[in-house]
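Chain by chain, the residues:
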Amino acid sequence: MKINSQSTKITSCKTNLLVIGLFEKEKLSKELSLIDKQLNGEISSIIKSKQFAGELFQSQTISTLKKIPAKKILLLGLGKEKEFSLEILRKIAGLTTKFVKKQDFKEFATNLQTKIIKNTTIEQRTQALTEGFLLGEYKFTDYKTVDKDKIKTISSCIFLEDKKELLALNNGIKIGRILSDATNYVRDLVNTPAGIATPTFMANEAKKLAKNKSIKVKILGKKELTKLKMNALLGVSQGSSQEPKLVIIDYNSSKKESIALVGKGVTFDSGGLDIKPDAYMVDMKFDMAGAATVLGTMKSIVDLKIPHRVIGFMPLTENMPGSSAQKPGDVVIAYNKKTIEILNTDAEGRLILADTLAYAEKNYKPNAMIDLATLTGACIMALGYTAAAVMGTDEKLIAKLKSSGDETYERVWELPLWDEYQDFLKGDVADVRNIGNMKGYEAGTIVAGSFLKNFVEKTPWVHIDIAGTAWFIKETHYNPKGATGYGVRLLSNLLQNWKK
Ligand code: BES
Ligand code: ZN
Ligand code: ZN
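Parameters and conventions
Residues numbered from 1 in each chain as written. Chains lettered and ligands numbered in written order. Predicted model: local features only at pLDDT ≥ 70, side-chain atom pairs only at ≥ 80, totals over all residues. Heavy atoms only, no water. Buried < 20%, exposed > 50% of the residue type's maximum accessible area, 1.4 Å probe, protein only. Helix = DSSP H or I, 4+ residues; strand = E, 2+ residues; numbered from the N terminus. Pairing = 2+ DSSP bridges. Near = heavy atom within 4 Å. Polar contact = N/O pair within 3.5 Å; in protein donor to acceptor, adjacent residues only side chain to side chain. Areas by Shrake-Rupley, 256 points an atom, 1.4 Å probe, with all protein chains shown as cover. Nonpolar A, V, L, I, M, F, W, Y, C, P; charged D, E, K, R; others polar. Salt bridge = Lys/Arg side-chain N within 4 Å of Asp/Glu carboxyl O.

What to know about the pairing of strand S4 (residues 72-77)
So, point 1. Extensive coverage of S4 is indicated by the burial of five of its six residues.
So, point 2. Pairing analysis gives six bridges linking strand S2 (residues 17-22) to S4, with the strands arranged parallel. Bridge pairing in S4 links Leu17 to Lys72.

Topic: the site of ligand 1
So, point 1. In the neighbourhood of ligand 1, 18 residues make up the surrounding shell, with Lys276, Asp287, Asp346, Glu348 and Gly377 lying closest.
So, point 2. In the environment of ligand 1, an oxygen atom lies 2.9 Å from a nitrogen or oxygen atom belonging to the side chain of Asp269.
So, point 3. For ligand 1, a nitrogen atom lies 2.9 Å from a polar atom in the side chain of Asp287.
So, point 4. For ligand 1, whose unbound accessible area comes to 510 Å², protein coverage reaches 85%.
So, point 5. Of the residues belonging to the shell around ligand 1, the class tally is seven nonpolar, four polar and seven charged.

Here we look at the pattern of salt bridges
So, point 1. In this structure the tally under the stated criterion is 22 salt bridges.
So, point 2. The partner of Glu257 in a salt bridge is Lys499, with the nearest N and O atoms 3.4 Å apart. Taken together, the residues span a long stretch of sequence, with Glu257 in the loop between strand S8 (245-251) and strand S9 (258-263) and Lys499 in the segment after helix H15 (488-496) at a distance of 242 residues.
So, point 3. Under the relative-accessibility criterion, Glu257 is labelled partly exposed at 22%.
So, point 4. Given the relative accessible area of 58%, Lys499 is considered exposed.
So, point 5. The structure contains a network of salt bridges with shared partners spanning Glu87, Arg90, Glu131, Glu410 and Arg489.

Spelled out as structure tokens, the structure:
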């Protein structure tokens, strides 16, 4: 979808569909009153009759019968003016794409960005709308062959605004597009079947980024990983025919301040020998969402020209039960020399992250490390699909993430990493166990985070469990069913505001 701005009034805009928002009990603006008059009072009469009351997400289409240059009007309810927010704008925009497609329009024009929200700029509002439009329009269609021509797309959206605001508007469109394109890229990667999106495929995707002068990509294969003794990562890959990879994407490598982003990249999680039941295995192509989000974030920060060094790490492997698979009871010596007793081969994400966090800290000495992982089913039990769980060793970094989460609405909720939780990880045979020694999976998300803590020495570190937010079982306003691309906007916002 092309998105542009234009200094035209709604009264004179030639478009097939004019999208206009109204709060509950809002008085018609001067321009809208003019349109109302030209339409013989149709707008005021549907408001008067309570057919349209401006309730949140209410909608009403009006044919203009050539009385004004716009062919049709879509009136959208914005709810109570006091409760209006950037997130409501995103949601409204997402819903708009659905209306537009359903009614077979290819283009539309809107002035939704003119609706005032306290403490926001027109640039921010335009950005939020752009995000809602581009994220809402997304559909994964790579593998559809039948009736492909019936898949509806929108070709253009035009923001209508006063001339003096166009610069701010265009900036908002630009940033919104960078973030949405990167998010949709992550959605594509995560939705791609695991038979295609292998560790090698992901490494090749990373290579494409190296076209940018500010990016260097390094790919470590099985040989290099063996030499480095990254046995926790190698152990997970043992049961698979696919070669594991550790991909390192280094942006602005000469800058002093550096942030490491680490993403779990299990391109398929069968559970290994502790094999998952069918209903739990079916979506496990999504278990590389952490890595995909790191890749997408690296893509967006190049375009946003973030002034710091950001280093993305993607440990990539399958978790399969092949004949050389790791066995319950096996012990591996991790990169940092700690020994791990593997008591459940399905708790594999923490193993590949353990080696990668230790490797990143030792070899790159970043100022901060953030990892993202679809790590525990327990995270979905705790927070559902609404927020990711965040925990770590640095309260300031957690506070920054929370504020970026509130701004982007890719929200995080903190769980504690108290020392007591380490007790559950004490091994009988090795230094640490990869699962807690309790009755079941009590505090499963915290136990997984506590495990990771053993592999970070002194660098401020935060872990984000995205098991519930990376994949939706139902579509929402601007998130589709399947991969959501959660995390790109959150991390990009954090990096944009890093030194503020
Ligand atoms: N990839 C899964 C986590 C997961 C499970 C995400 C379900 C989304 C939905 C992870 O590797 C895993 O299998 N974790 C186990 C850990 C357990 C064995 C301690 C889990 O959560 O069941
Ligand atoms: Zn698993
Ligand atoms: Zn997993």
